[in-house]
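Inside the fold
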Amino acid sequence: MKHTTPKFPALLHGGDYNPGQWLDRPDILEQDIVLMKEAGCNVMSLGIFDWIRLEPQEGRYDFDWLEAIIDRLYANGIYTVLATPSGARPSWMAQKYPEVLRVGNDGERILFSGRHNHCLSSPVYRKKVHDINTALAKRFGAHPAVILWHISNEYGGECHCELCQENFRKWLKKKYKTLDALNRAYWSAFWSHTYTDWSQLHSSSEHGEHSIHNLVLDWKRFTTDMTVDFMKAEAAPIREICPDIPVTTNMMELYSGLNYYKFKDICDVLSWDNYPLWHSEGENSVPIHTAMAHDMIRSIHPGKPWLMMESSPSATNWQPVCKLRRPGMHMLASLQAVAHGSDSVQYFQWRKGRGGSEKFHGAVVDHYGKSDTRVFREVSAVGSRLKNLSPSLCGTEYPAKAAILYDVENRWAIEQMQGLHNGNQGYMEELEAFYAPFFHRGVNVDLVDMESDLSGYELLIAPMLYMFRAGIGEKLRRFVKEGGTLVMSCFSGIVDENDLCYLGGMPGEGMMEVLGLRSEETDALYPQDRNTALITHSLPGMKPSYEIHSLCDLIHLSTAKPLAEYGKDFYAGLPALTANTFGKGKAYYVACRMESAFYEDFLGALFQELSLLPPVSLPEKVTVNTRINSDTGAAYYIFQNFNSFPILLDLPEGWTDTETNTPVSQLSIEGYGVRVVSPSQC
Amino acid sequence: MKHTTPKFPALLHGGDYNPGQWLDRPDILEQDIVLMKEAGCNVMSLGIFDWIRLEPQEGRYDFDWLEAIIDRLYANGIYTVLATPSGARPSWMAQKYPEVLRVGNDGERILFSGRHNHCLSSPVYRKKVHDINTALAKRFGAHPAVILWHISNEYGGECHCELCQENFRKWLKKKYKTLDALNRAYWSAFWSHTYTDWSQLHSSSEHGEHSIHNLVLDWKRFTTDMTVDFMKAEAAPIREICPDIPVTTNMMELYSGLNYYKFKDICDVLSWDNYPLWHSEGENSVPIHTAMAHDMIRSIHPGKPWLMMESSPSATNWQPVCKLRRPGMHMLASLQAVAHGSDSVQYFQWRKGRGGSEKFHGAVVDHYGKSDTRVFREVSAVGSRLKNLSPSLCGTEYPAKAAILYDVENRWAIEQMQGLHNGNQGYMEELEAFYAPFFHRGVNVDLVDMESDLSGYELLIAPMLYMFRAGIGEKLRRFVKEGGTLVMSCFSGIVDENDLCYLGGMPGEGMMEVLGLRSEETDALYPQDRNTALITHSLPGMKPSYEIHSLCDLIHLSTAKPLAEYGKDFYAGLPALTANTFGKGKAYYVACRMESAFYEDFLGALFQELSLLPPVSLPEKVTVNTRINSDTGAAYYIFQNFNSFPILLDLPEGWTDTETNTPVSQLSIEGYGVRVVSPSQC
Amino acid sequence: MKHTTPKFPALLHGGDYNPGQWLDRPDILEQDIVLMKEAGCNVMSLGIFDWIRLEPQEGRYDFDWLEAIIDRLYANGIYTVLATPSGARPSWMAQKYPEVLRVGNDGERILFSGRHNHCLSSPVYRKKVHDINTALAKRFGAHPAVILWHISNEYGGECHCELCQENFRKWLKKKYKTLDALNRAYWSAFWSHTYTDWSQLHSSSEHGEHSIHNLVLDWKRFTTDMTVDFMKAEAAPIREICPDIPVTTNMMELYSGLNYYKFKDICDVLSWDNYPLWHSEGENSVPIHTAMAHDMIRSIHPGKPWLMMESSPSATNWQPVCKLRRPGMHMLASLQAVAHGSDSVQYFQWRKGRGGSEKFHGAVVDHYGKSDTRVFREVSAVGSRLKNLSPSLCGTEYPAKAAILYDVENRWAIEQMQGLHNGNQGYMEELEAFYAPFFHRGVNVDLVDMESDLSGYELLIAPMLYMFRAGIGEKLRRFVKEGGTLVMSCFSGIVDENDLCYLGGMPGEGMMEVLGLRSEETDALYPQDRNTALITHSLPGMKPSYEIHSLCDLIHLSTAKPLAEYGKDFYAGLPALTANTFGKGKAYYVACRMESAFYEDFLGALFQELSLLPPVSLPEKVTVNTRINSDTGAAYYIFQNFNSFPILLDLPEGWTDTETNTPVSQLSIEGYGVRVVSPSQC
């Protein structure tokens with residue numbers, strides 16, 4: 001069992017603390033300590049946007065005020081997650097060195113403003129970051145309170161300045177070696193676009209190239225690589241000066257600007273900022289979508305715990321409608337994170353600021369300033385409960401025998417392809433449709449990318465695997481051959497890693513053999529169009545037919561057996577779902593997009609067959625996740641009720657309530673309630 | 001009684017006259033005079049966009065043609081409203097001095113084009129305007145025909161050039177004195193945005209800062225101040241040379257680019273351009289919205305008459321659907337203005353031009369060129385009627401015992417805040433919901449801002465008074481204490497004049513005591529969400545319950561009494577409407593947004609209690625406004641029927657038809673009709 | 001009879017062939033030949049985007065590879081349509097001469113990217129194009145395989161660079177001679193916009209002028225003239241070196257960026273690229289819309305055959321939803337073109353590329369690479385049938401006795417006018433409503449512009465002829481006077497060629513006399529508004545009333561007789577449809593927009609009266625077009641069934657199936673089927 005913060009191996013509870021906004025109000029700073037203890041907080045994140053206070057003039061550092069805060073928190077039992085300040089640079093720096101400011105897609109350099117607008121290439125910026133990070137590490141690296149480094153804040157975006165263009169060209173040279181190789185990879189013979197000199201290359205942009213899809217992809221790949229490189233450079237002095245303190249950076253859910261999987265080797269601990277649209281119009285899908293995001297982040301470090309670095313204890317002020325969290329929802333949302341492997345519940349932010357764009361962002365302490373508020377009471381309840389659960393859950397792992405292939409490069413490639421449904425290819429919706437049955441049946445699942453190790457899984461879902469890269473064809477072949485069960489859906493295996501179509505039949509890279517079929521054409525349906533899949537060979541629990549929307553692959557079978565056929569249109573009778581035995585395993589092909597019942601029933605049947613189901617059957621909108629203590633083998637089932645009313649579950653014999661350590665046979669869970677139970681250990 | 005145009009104290013009828021477009025058609029210029037007399041016109045606005053003709057080359061003025069026109073009009077009994085030409089500059093000026101052209105929000109200087117695109121700072125532009133205005137004043141200031149100066153045209157917009165940036169920085173220095181004070185007012189500690197040098201400050205813009213809301217507000221305040229300053233400078237030579245002729249500038253309804261209330265001291269007479277969407281899809285709200293706009297303009301100079309400087313006698317060509325005014329609607333729309341205090345009905349424009357973007361804008365004379373048209377006949381009818389009404393109505397005042405607080409800075413602050421319902425906070429809709437009962441019951445009302453004198457009012461409505469400024473907390477406290485009735489609605493008293501949240505409980509500035517309550521949280525509802533207000537203590541005429549949408553404040557009462565409570569959701573039973581006695585007055589709090597019936601019934605009850613109702617009860621879509629001759633005390637009730645069918649009203653005894661001077665007991669008003677009646681004087 | 005490609009007078013079948021993308025795959029190039037023959041192809045278009053391969057370095061031409069391809073194709077019976085490569089310039093040119101790149105509406109020069117982005121003025125670009133075209137003509141002009149020159153590709157767009165501004169100013173000087181004339185034509189007296197120096201003029205643009213509508217129109221006219229001038233310059237060396245080979249350029253349907261009618265004198269053969277939204281949501285109107293586009297292109301060279309240069313044999317990848325063509329639809333779509341006068345069916349492209357933005361654009365050969373696909377079989381079927389039809393149809397004409405006035409300048413003027421319905425004036429919808437009866441009744445019709453010769457027609461439809469130019473008033477007067485039947489609809493004859501409104505009554509230019517009426521006002525209806533036209537004097541087959549939407553003209557009749565009157569609103573009883581006898585002809589005025597049944601019934605009655613109907617009555621969604629051999633007088637009726645089910649038609653006696661040369665009395669047409677039949681010749 002490996003703890004996320006070894007120095008203080010406990011479930012963390014706390015949030016972003018910005019005392020720099022209140023330095024002229026010592027009464028408030030004192031009151032904070034009292035309230036933090038009342039709320040059961042044991043950690044605060046400090047320094048996230050404090051550069052101007054840490055280095056008020058170029059080269060003059062002022063860390064004393066920060067140390068005083070860290071000391072006082074520590075004296076009161078509160079640890080520190082210490083941030084590097086690169087998320088927002090000081091005004092004097094933007095003024096003296098305009099190169100630190102980003103140039104947009106439109107070629108315009110932005111003015112000093114907002115945050116997150118630094119060039120990733122700028123040598124000056126890198127130098128300034130290196131220097132202040134070195135100083136911070138030297139000053140605080142050995143402080144007993146500091147348990148984690150929080151590198152920058154929500155990395156994102158891209159810069160199109162000339163320095164970045166030069167770096168992009170270097171990156172391309174390194175990748176392709178010759179212009180000839182690049183031209184081939186870009187299929188630039190089309191529209192006479194062959195590059196004859198490296199200097200002709202430029203980021204994809206509004207006023208420039210966006211029709212060479214692989215160039216667009218390369219620009220995205222480059223941006224991720226530059227961000228990783230920047231973070232590496234940021235973290236370097238810290239790792240050198242205080243190698244024992246882990247580092248993290250806070251990610252943003254399924255943000256598509258970066259390929260977060262590339263961060264796996266440079267973060268010791270993963271963490272993310274979680275702002276679901278609880279109680280919104282799409283209410284039913286919010287818990288599922290959030291669960292999937294938790295699983296995505298965790299899967300970058302498969303099985304290991306991680307941290308929920310930010311969340312709002314109340315309304316989130318930048319959402320379209322800023323609805324209050326209903327009573328209990330804060331507990332449920334917080335423990336959902338823990339259920340998926342988080343070792344913390346943290347907030348943005350501890351206390352609401354008086355001004356600026358986030359002054360109405362939910363926080364533990366409101367402008368009112370006292371603890372007799374509904375939100376404060378809900379936060380305190382989470383604090384108590386985390387304290388109680390910490391000995392059991394902290395550091396436990398999240399074992400999964402199933403995985404869904406979610407590859408960010410594939411997503412990028414799909415989102416910019418031209419064909420089928422321009423504007424929205426529906427990829428994320430299909431991904432979520434395949435994910436939902438895991439949520440509804442309580443089956444632990446990882447979200448892996450094409451570079452991940454697939455060997456430990458028994459079931460692998462590959463929704464719309466349009467782009468094949470990282471030898472995924474060979475990996476999937478081996479996976480099935482050795483006994484795995486693969487489910488692949490339509491419009492997969494179309495292009496290689498350079499976005500070049502496979503010749504000679506699709507899906508490419510040998511998958512025609514694994515699946516026992518070839519796809520000839522794909523029909524795109526209008527939003528109002530529907531077809532039907534008639535089940536000709538049913539798996540247990542499946543209905544006689546399912547409604548089809550969006551996409552229909554027209555396939556020819558070689559060795560595959562049809563399980564369903566199209567009910568109408570000119571391809572009526574052609575297979576809509578197939579199964580193929582290959583080696584010791586089985587490969588299914590879902591040739592079209594169907595109503596959600598199909599995914600529930602079909603995957604439900606596979607879960608049954610592969611014995612992946614938990615020993616409890618779940619009512620609607622109730623789910624369960626399992627965490628395991630890898631040292632003792634103890635298992636913890638964390639049941640979550642996303643209904644507003646209570647439910648009652650029958651448990652197998654011999655189970656115990658983890659929090660009260662008493663036996664439990666019927667589990668009652670209140671509306672928006674959470675229960676943690678452990679089976680009798682064998 | 002003070003007349004808007006003392007030199008010619010009559011109800012004015014006329015419009016923008018652009019003979020400069022027809023100088024090569026003397027036959028048309030002659031025909032104009034004949035037609036003007038036929039249409040009953042007594043005034044024309046001249047010179048609005050004539051700079052290129054008045055100064056065809058730099059420094060060479062040519063005013064002779066204009067004088068000839070003024071003379072001829074005057075010889076035919078038609079007075080002149082004379083404009084300064086700054087609304088559109090000549091091509092030679094833009095070419096020689098590019099600095100006169102505006103720089104947009106995106107940092108780009110626009111090309112010579114359209115109109116209204118001059119920099120407000122440019123010394124060259126100010127000099128050129130000063131010179132030509134001086135020359136115009138010298139030439140025409142003593143002309144017997146000139147009764148009013150029309151300064152520029154529809155001021156609006158902003159300029160982001162370096163000259164304006166410099167002026168903005170000066171303005172900020174003057175306002176805040178120190179950077180420290182500015183940083184505090186901007187809460188710039190957030191996101192490390194502390195300014196360390198005045199030169200770092202820049203207008204809020206697309207490529208720059210927009211997350212510091214008080215900077216955005218300051219930029220808007222600065223733009224208003226610069227426009228006021230520009231107008232002052234424009235008017236200076238005129239005021240000096242011909243101090244007896246009043247000046248005005250034509251405003252644009254509820255245009256939010258400028259705070260028109262800041263113009264109160266620099267305009268002698270207020271005027272505005274009125275283009276309602278008559279007969280549009282939102283037909284029922286058009287008369288209400290237009291009435292509110294009339295009241296807003298008038299309230300800048302409370303009680304005093306004003307002018308409707310522009311209106312279209314037919315379709316308005318830039319509206320989404322350019323519908324013809326139905327027969328009678330032109331009379332009704334014209335006299336609605338008079339009913340709300342206007343001493344004129346004026347048009348844009350007298351004769352349709354042959355080309356350009358407004359060639360299809362409704363005008364008195366069509367391209368056809370003769371008087372045998374429906375529109376010309378309707379205009380002539382208005383001319384006759386104004387002539388008949390002039391002796392009674394001209395110069396009469398508009399007395400109001402009730403006011404609604406509409407503060408432009410509050411509107412700006414709400415429109416850019418982040419929270420509740422981003423994109424549309426629904427503030428203007430709420431304002432109109434509170435205004436509608438005044439329209440439906442025929443109660444005169446002013447729209448005052450936070451700097452206005454509140455002492456004369458008995459009833460004050462404060463919808464969503466999010467931002468408190470100008471000591472409004474203290475003013476409201478005194479207003480209630482001394483016997484006033486205040487109605488405040490939810491999300492009020494949240495921030496101070498710097499957009500900084502009040503600490504220690506809301507609404508701030510002592511309003512918790514006045515209202516007898518504290519607001520803890522505000523829930524934002526999704527568009528499809530509804531709650532119910534159950535009336536627990538009814539006022540006369542109120543229903544047992546009302547539907548709630550959009551917003552619900554969760555409040556704690558101290559001394560207030562609940563009048564209604566929430567019917568459902570987790571805050572069922574909490575108060576939704578409260579009343580508090582404070583000093584000699586009463587303060588109501590409407591904690592949520594409700595269906596329109598609530599505002600009608602609740603304010604209806606207050607009108608009754610405070611004896612604000614006129615002595616006639618009104619059918620649907622019929623309203624009445626009251627003008628008073630302050631010398632004689634004579635009252636004029638102007639009834640307006642916005643139905644397309646006739647209605648019949650019973651009047652109290654002894655009333656007289658003002659136009660025929662005959663007694664009237666039953667008042668019949670035709671569809672789209674207007675009747676003016678006077679009660680027996682006591 | 002004049003053939004489009006005299007050197008090879010046959011119906012052409014083929015497509016864009018891009019071997020330059022496969023030069024490293026000789027196996028694929030060989031396979032191409034085999035497949036082309038299997039598909040019945042007799043022509044390929046070559047060199048369209050090959051500049052970088054034809055001139056890999058500045059001044060070094062490499063044509064050998066192209067010659068080898070042309071030779072090999074020719075050896076296999078396949079002719080070549082040879083393109084000039086100006087549609088996309090090589091990277092080295094953009095790098096060395098940035099002036100060749102276009103400057104956008106926003107003043108920004110775009111980067112090297114996409115295609116179609118060359119400046120139309122750049123002397124360097126013109127020189128480079130001239131040089132390579134000369135070299136190509138010299139090398140290939142005498143090649144026996146080359147039957148047609150394909151100049152550039154899909155000309156479109158505009159450039160705002162300083163070179164183009166200078167050319168624009170020259171163009172303006174040439175057009176207006178004096179600034180005074182320009183100012184009058186621009187009505188620039190409005191808003192003081194009078195130009196005092198030619199250098200003040202600038203293209204209409206985002207940051208500049210767009211309120212002077214005639215300037216906007218001039219910029220569009222100039223762009224067309226520059227494009228025509230560019231094409232002339234492109235074609236000059238070709239015409240000189242190989243005068244016997246005709247030239248064409250491929251147009252884009254009803255693309256409004258250019259006035260294609262101005263290309264009539266510089267193209268020997270017209271051709272266009274046809275990508276209908278078959279099977280889309282607006283399914284019923286797709287065949288009608290496509291038929292109208294075919295007729296528009298043909299009408300530029302009235303009666304003469306033309307070529308369908310591009311089409312997709314399957315899905316079109318850049319459409320919103322990329323639906324597969326249902327079985328049979330490819331045949332129907334291909335022969336619809338032939339029915340309307342095309343002498344070819346050509347594709348973009350022969351073989352799908354592996355990368356780039358059009359890798360999923362339908363093609364004859366898929367990535368799969370073999371002929372056993374549904375699409376390949378459908379293409380081959382078209383090949384066989386064209387071969388069979390060629391002797392009868394190739395070179396036949398398309399005679400029409402009716403025409404619709406579709407003038408691109410009028411469309412431009414309507415689309416940017418301000419008034420009625422801003423955003424969408426519904427002009428194209430009205431045009432299509434008038435066109436539909438021709439489709440439904442099988443009446444050949446041309447789409448002529450105001451410069452066309454009208455003398456050969458018996459029936460002329462003039463929908464919303466807002467702008468009068470090219471003496472159209474006089475032409476229409478003569479047309480009616482000499483016996484023609486004219487149908488004009490509301491809001492016609494409003495402005496002259498300078499977008500200046502007519503004074504003294506509308507419609508202008510004497511049309512009040514021809515139509516016997518004057519229009520006073522036009523009412524714009526809201527989308528939900530409806531009125532009714534009550535027919536007071538019925539033509540055969542008309543209903544008692546029709547629903548009215550969008551627009552209602554309020555007219556006064558002089559000599560015209562009312563045929564229908566408005567059923568409601570304040571203009572109930574006013575005429576909604578009128579007829580006037582003028583000279584030997586008749587002029588109808590449709591004063592409002594009506595439901596489609598009106599256009600069907602009213603034009604149906606006129607077709608009957610004028611004996612324009614074919615001798616067969618058509619079921620729903622079935623149409624017929626007639627081609628005539630001008631040498632023999634033989635007629636060919638091409639019936640097209642746009643239903644998915646079969647239909648059966650009774651033919652007059654003595655008709656023959658053209659393809660089998662057997663008599664036919666009952667014609668059975670399968671779903672999506674086409675039949676060609678010839679009447680007994682008299």
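Residues numbered from 1 in each chain as written. Chains lettered and ligands numbered in written order. Predicted model: local features only at pLDDT ≥ 70, side-chain atom pairs only at ≥ 80, totals over all residues. Heavy atoms only, no water.

Take the packing of aromatic side chains next. How two aromatic rings sit relative to each other is given by the distance of their centres and the angle of their planes. Residues and elements named next belong to chain B. Inspection of the entire model under this criterion finds 110 aromatic pairs over all chains. Note on Tyr155 and Phe230: the rings are 6.3 Å apart at their centroids and 80 degrees apart in plane angle, and the pair reads as edge-to-face. Remark: Phe230 occurs in helix 8 (residues 213-241) and Tyr155 occurs in the loop between strand 4 (146-150) and helix 6 (162-176); sequence separation between them is 75 residues. Assigned by exposure class, Tyr155 and Phe230 land together as buried. Between Phe168 and Trp171, the aromatic rings sit 6.3 Å apart at their centres with planes inclined by 25 degrees, giving stacked as the arrangement. With Phe168 and Trp171 both in helix 6 and 3 residues apart, this pair spans about one turn of that helix. (Phe/Tyr/Trp six-rings, centres within 6.5 Å; stacked < 30°, edge-to-face > 60°. Helix = DSSP H or I, 4+ residues; strand = E, 2+ residues; numbered from the N terminus. Buried < 20%, exposed > 50% of the residue type's maximum accessible area, 1.4 Å probe, protein only.)

At the interface, 55 residues of chain B touch 57 residues of chain A. Together chain B and chain A conceal approximately 4600 Å² of surface at their shared face, both sides included; 55% is due to carbon and sulfur atoms. On the chain B side of the interface with chain A, the three residues burying the most area are Trp187, Trp191 and Tyr526 of chain B, jointly 18% of the side's total. Here chain B and chain A share 6 salt bridges between them. Two residues, Lys323 of chain A and Asp529 of chain B, come together in a salt bridge whose shortest N-O distance is 2.8 Å. The leading source of residues in the side of chain B that touches chain A is strand 14 (residues 517-524) of chain B, at 6 residues. Looking at the side of chain B that touches chain A, its residues break down into 23 nonpolar, 20 polar and 12 charged. (Contact = heavy atoms within 4.5 Å. Buried area = accessible area lost by both parts, 1.4 Å probe. Salt bridge = Lys/Arg side-chain N within 4 Å of Asp/Glu carboxyl O. Nonpolar A, V, L, I, M, F, W, Y, C, P; charged D, E, K, R; others polar.)

So, about the layout of surface pockets. Residues and elements named next belong to chain B. Reported here for the largest pocket is a volume of approximately 860 Å³. Arg115, His116, Glu154, Met252 and Glu358 are, among the 40 residues lining the largest pocket, the residues nearest its centre. In terms of residue count, the dominant contributor to the lining of the largest pocket is strand 7 (residues 271-274) (3 residues). Counted by class, the lining of the largest pocket contains 12 nonpolar, 17 polar and 11 charged residues. (1 Å grid on protein atoms, 1.4 Å probe; cavity = no way out; pocket = protein on both sides within 12 Å on 5 of 7 lines; lining within 4 Å. Points joined across faces, edges and corners; volume = space filled by probe spheres on them.)

Looking at the secondary structure, you find Ser204 of chain B in the loop between helix 7 (179-186) and helix 8. Once residues lying within four places of it in the same chain are set aside, the contact partners of Ser204 of chain B are Asn105, His160, Glu209, Val216 and Trp219 of chain B.

All names here are of chain C. With respect to the helices and strands, His301 occurs in the loop between helix 9 (286-300) and strand 8 (307-311). On the basis of relative accessible area, His301 is assigned to the buried category, the value being 10%. Remark: the alpha-carbon pair of His301 and Gln21, spanning 280 residues in sequence, is separated by 35 Å. The contacts of His301, once residues within four sequence positions are left out, are Lys264, Cys267, Asp268, Val269 and Leu270. Engagement of the side chain of His301 in a polar contact is seen with the backbone oxygen of Lys264, the distance being 2.8 Å. (Polar contact = N/O pair within 3.5 Å; in protein donor to acceptor, adjacent residues only side chain to side chain.)

What follows is about the relation of the copies chain B and chain A. Mapping chain B onto chain A calls for a rotation angle of 120 degrees and an axial translation of 0.0 Å; the resulting RMSD is 0.1 Å. Overall, the copies show the geometry of a three-fold rotation axis. When the interface residues of chain B are mapped onto chain A, a mere 2% of them again fall at the interface, so the copies present different faces. (Least-squares fit on C-alpha atoms with pLDDT ≥ 70 in both.)

Residues and elements named next belong to chain B. With parallel pairing, the 3 strands of this open sheet are ordered in space as 6-7-8. Two strands lie at the open edges of the sheet, namely strand 6 (250-251) and strand 8 (307-311), each paired on one side alone. Bridge count between strand 7 and strand 8: 4 bridges; the pairing is parallel. The partner of Trp272 across the bridge, within strand 8, is Met308. In the packing of helix 9 (residues 286-300) onto the sheet, contacts are made with strand 6, strand 7 and strand 8, and the angle to strand 7 comes to roughly 165 degrees. (Pairing = 2+ DSSP bridges. Axes fitted to C-alpha atoms, helices over the stretch in contact; angles between N-to-C directions.)

Residue and element names in this part refer to chain A. Here the structure, examined in full by the defined rule, presents 122 salt bridges over all chains. A salt bridge links Asp366 to Lys352; the nearest nitrogen and oxygen atoms lie 3.1 Å apart. Of the two residues, Asp366 is situated in the loop between strand 9 (344-347) and helix 11 (374-393) and Lys352 in the loop between strand 9 and helix 11; the sequence distance between them amounts to 14 residues. Classification of Lys352 by relative accessible area gives buried; the value is 13%. Within this structure, Lys175, Asp218, Arg221, Lys262, Lys264, Asp407, Glu409, Asp449, Glu451 and Arg469 form a network of salt bridges that share partners.

Below, the discussion takes up the nonpolar core. One finds Trp350 and Phe602 of chain A to be the most contacted residues of the largest nonpolar core, which totals 223 residues. Apart from residues no more than four positions distant in its own chain, Trp350 of chain A is found in contact with Asp16, Tyr17, Asp32, Leu35, Met36, Ala39, Cys41, Met44, Ala363, Val364, Val365 and Phe376 of chain A. Judged by nonpolar contacts, the second largest core, of 222 residues, contains Cys41, Leu217, Cys394 and Leu431 of chain C. (Core = buried A, V, L, I, M, F, W, Y, C linked by side-chain atoms within 4.5 Å.)

For chain A, the mean per-residue pLDDT works out to 97, and 100% of the residues sit at or above 70. Interface confidence for the predicted complex, given as ipTM, is 0.96, next to a pTM of 0.97. (pLDDT = per-residue confidence, 0-100.)

All names here are of chain C. Relative to the elements of secondary structure, Ser492 occurs in the loop between strand 13 (485-489) and helix 15 (511-515). Residue classification places Ser492 among the buried positions, given a relative accessible area of 2%. Each residue touching Ser492, except ones within four places of it in the same chain, is listed here: Ala462, Met464, Leu465, Tyr466 and Pro507.

Attention shifts here to helix 11 of chain A. All names here are of chain A. With 20 residues, helix 11 extends 27 Å between its outermost C-alpha atoms, agreeing within 8% with the 28 Å of an ideal straight helix rising 1.5 Å per residue. Along helix 11, the sharpest change in direction is near 30 degrees and occurs at Lys387; proline Pro391 comes one to four residues later. Directly beyond the C-terminal end of helix 11, a positive phi value near 85 degrees is found at Gly395. (Expected span 1.5 Å × (residues − 1). Bend = angle between axes of the 7 residues up to and from the residue.)

A few words now on the sheet that holds strand 25 (residues 662-663) of chain C. Residue and element names in this part refer to chain C. Spatial strand order, 21-22-27-24-25: 5 strands in an open sheet with antiparallel pairing. A single partner strand is all that each edge strand has here, and the edge strands are strand 21 (622-628) and strand 25. Pairing of strand 24 (residues 656-657) with strand 27 (residues 674-678) involves 2 bridges; the strand directions are antiparallel. The partner of Asp657 across the bridge, within strand 27, is Val677. Along the sheet, helix 10 (residues 329-339) makes contact with strand 21, strand 22 (635-641) and strand 27, crossing strand 22 at roughly 150 degrees.

Taken residue by residue, the interface counts 55 residues in chain C and 57 residues in chain B. At the boundary of chain C with chain B, total buried surface from both sides reaches about 4600 Å², with 55% on carbon and sulfur atoms. Among the residues chain C hides against chain B, the three largest losses belong to Trp187, Trp191 and Tyr526 of chain C. Together they make up 18% of the total. Across the chain C-chain B interface, the total number found is 6 salt bridges. In this structure, Asp499 of chain C and Lys359 of chain B form a salt bridge, with 2.8 Å as the shortest nitrogen-oxygen distance. Taken together, chain C and chain B are joined by 32 residue pairs in polar contact (both at pLDDT 80 or more). The leading source of residues in the side of chain C that touches chain B is strand 14 (residues 517-524) of chain C, at 6 residues. Here the residues of the side of chain C that touches chain B are counted per class, giving 23 nonpolar, 20 polar and 12 charged.

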